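Summary of structural features
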Amino acid sequence: MRDEDILAFVKNRNDKVDKNPGELADEPEKGGLDLTANENIFEDFEPGSSILQNERTVSGSRNGNFQKGVSDEALGIITTGMDPLEITESGARITGYITTSHRQKVRLGTYAVVPYGDEDLFSRIWKLQYLQEFAVDDATEIHSRRMLQSNTTDEVDYKFLAYLDPICILYEAKEKGGGLSRRMSDRIPRPNTPILPVTDKKKIQTGLNIPEEGLFLGHLSVGGELVRTHAVPPTVPYYLRNDYSMGDPLIFRHMLVCGSTGTGKTFLTKNILRQFMSENNRYHLRGSEERKNPCLVIMDPQDEYSQLFEDNPQITDDDDFRFRAEKINFGACKNTRTFVAKVDGQGYTGRSMAEQIEFTIPFEMVRNNSWLIAPVGMTELQYVGVDLLLDDYFKKAGQHTYSGFMDFIDNDVTRDLYVESGKIHEASYDGIVRRVKNRSLARVFDQPARPINEILGQIFKSGQVSVFPTEYITNSRIRDIITLTLMSLIVDNKLNTSGEAAVKETPIILGLDEAHRYLAKAGGEHSRRLISKFADAARQGRKEGLGLFLITQDPQDIDETIFKQINTRIILNLSNDAAINSMKVKKEFEKRIPYLKKGQMIIQSPDNSDMVEIMGLSRCVVKHI
């Protein structure tokens, strides 16, 4: 039949608008169904308009899941037109057609739900694809020039497909008091079921296994854009589990913040550490039911964390409302003290009004911590020699000082005694004297201030922030000695059954900036001893109430035995391939790391939630300059 005949046939059949199919069947001689009964059948589809305007449409009559208003909200529908619809124990192929009005909203990583009626499939979009709607060759010179001059291509000319990665099934649990729960994806959605954006905060938190309360870290986001819901406020807070409902609080399984220089590590760290210093945040140690506020100890190489003592004057009333609505701790930690190492020729002025307390490192502490004076680069024989010399020196009666030890080893009689007896080779002995006899060591040991081991009760107090700045010290070796001294004090007393009560009986969070400098992969006897001791402390952190909070720009340099103990990893922008690979995150998240903006991060915490992207606060909860 010719086209003109078809059009003429349609034009002449204009008298059956209100006939139902039964009535039309009684009139076979008139040619059956009138194709112009409803003018909209041949009306061009306009992007942005709703296909399903009425309460019951053609699709709605076939699928009871479509309800009034769903068509406007739905991103699209599940389709089998391009790929088979399947789900297996090892994966799934679920394809959705995205309508033209929602295509600009869909991003890789967007969360969506597909309703079953009684349950929901919670999923994530992992692939987007355009396919031509009509058979046409657009890879031609003529077509490309025409499009460059005037691009008149309409979205309706293309199929926009989204591939869903099923995360879990959401359902109302009947046991344990009911409530929304999740289980593995074990059902296949029906074709033509709507794909809906997730606008319910509870569904998102349950679907991603995010705790509904705890320590605030940031807001859930996708591609740097906050996920918004119908709740007030509309954002989805990401909390770190901080109770004993499923074991110990996660801080005692340790945390790591890593990012390149300038990515906002300090800003973020201040916001996170402030959350631990709430009056209501209390922990107990094994064997005791008494709960105590933690003591936050921070090694501060840039003199920034003492500002926890002060309010941020830039916080507005709107910030105040949002912080309180999402249970975000903010404002000054008035119980903040700055502990300043007395170093000959160096003075500390400080950036905050927090109380300053001077201390010195007594040489007596070297008795069990020889690495404090043994620099990296010594041979194994030299390390053995240092231990032998220190052991013999501390057996002597009287006061033990650094200058006294120098007099002891820098003596021909002592040298001959050890060399001639064969205890230490002469080359090793001379090397030890050269390395240990260092002017910088004389500037830090035994200075006119209270020894640090005599003020442990002032440093390790429940509910206190104890900051140890080192920026004012120009000598890097002195800075390392101060940091290693504090690390040794905490670890020795935590692991020792007869440790000092101030350390042993107080929950401690140790914030260690530039962690790669002190916990680097063992490169000699010096490093092996320190790493071994700190690895033991990391493994026993849950039992002893010791939480490590490590900050670094080189996570790949941290020793693997310690790195494995870190349960929560917060990843900011990293441009170093070695650093990115060391994090061992899922491929879809790994590719995002070099493109993360300031404040944007990926959270890897398997005991807390699925791996997700979040945005930190745009405002610091304490003073930050």
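Let me begin by describing the structure that accompanies this report.

Definitions and cut-offs
- Residues numbered from 1 in each chain as written.
- Predicted model: local features only at pLDDT ≥ 70, side-chain atom pairs only at ≥ 80, totals over all residues.
- Heavy atoms only, no water.
- Helix = DSSP H or I, 4+ residues; strand = E, 2+ residues; numbered from the N terminus.
- Contact = heavy atoms within 4.5 Å.
- Phe/Tyr/Trp six-rings, centres within 6.5 Å; stacked < 30°, edge-to-face > 60°.
- Buried < 20%, exposed > 50% of the residue type's maximum accessible area, 1.4 Å probe, protein only.
- Lys NZ or Arg CZ within 6 Å of the ring centre and 35° of its normal.
- Polar contact = N/O pair within 3.5 Å; in protein donor to acceptor, adjacent residues only side chain to side chain.
- Axes fitted to C-alpha atoms, helices over the stretch in contact; angles between N-to-C directions.
- Parallel < 35°, antiparallel > 145°, perpendicular 65-115°, else oblique.
- Left-handed = near helix turned anticlockwise from the far one by under 90°.
- Nonpolar A, V, L, I, M, F, W, Y, C, P; charged D, E, K, R; others polar.

A count of helical and extended segments in the protein chain gives 21 helices and 23 strands. A sequence separation of at least 24 residues applies to 71% of the contacts in the protein chain between residues at least 6 apart.

Another aspect to go through is the packing of aromatic side chains. This structure, assessed with the given rule, holds 21 aromatic pairs. Centre to centre, the rings of Tyr 393 and Phe 405 are 5.4 Å apart; their planes meet at 65°, and the pair counts as edge-to-face. Taken as a pair, Tyr 393 in helix 9 (residues 380-395) and Phe 405 in helix 10 (residues 402-409) lie far apart in primary sequence, twelve residues in all. On the accessibility criterion, Tyr 393 (6% relative accessible area) is buried. Look at Phe 405 and you get buried, because its relative accessible area is 1%. Ring geometry for Tyr 393 against Phe 408: centres 5.7 Å apart, planes inclined by 40°, an arrangement best described as tilted. Remark: Phe 408 occurs in helix 10 and Tyr 393 occurs in helix 9; sequence separation between them is 15 residues. Taken individually, Tyr 393 and Phe 408 each receive the classification buried, so the pair is uniform in this respect. Across from the ring centre of Tyr 116, 4.2 Å away, lies the NZ or CZ of Arg 187, which sits over that ring.

As a further point, take the environment of His 102. With respect to the helices, strands and loops of the structure, His 102 is situated in the loop between strand 3 (92-98) and strand 4 (111-115). The spatial distance from the C-alpha of His 102 to the C-alpha of Leu 75 is 5.6 Å, given a sequence separation of 27 residues. A distance of 3.2 Å separates a polar atom in the side chain of His 102 from a polar atom in the side chain of Ser 101.

The geometry of helix 9 relative to helix 10 is characterised by a closest axis approach of 11 Å and an angle of 115° between their N-to-C directions. Taken together, the axis directions place helix 9 and helix 10 in an arrangement best described as roughly perpendicular. As helix 9 runs across helix 10, the sense of the crossing is right-handed. Side by side, helix 9 and helix 10 meet where Leu 389, Leu 390, Asp 392 and Tyr 393 of the first sit next to Gly 404, Phe 405, Phe 408 and Ile 409 of the second. Here the contact of helix 9 with helix 10 is built from residues that sort into six nonpolar, one polar and one charged.

A few words now on the packing of helix 10 against helix 12 (residues 426-436). Helix 12 packs onto helix 10 with a crossing angle of 155° between their chain directions and a minimal axis gap of 11 Å. Regarding the angle of helix 10 to helix 12, the classification is roughly antiparallel. For helix 10 against helix 12, the interelement crossing comes out left-handed. Contacts between helix 10 and helix 12 involve Tyr 402, Phe 405, Met 406, Phe 408 and Ile 409 from the former and Tyr 429, Val 433 and Val 436 from the latter. Class assignment for the residues of the contact of helix 10 with helix 12 results in eight nonpolar, no polar and no charged.

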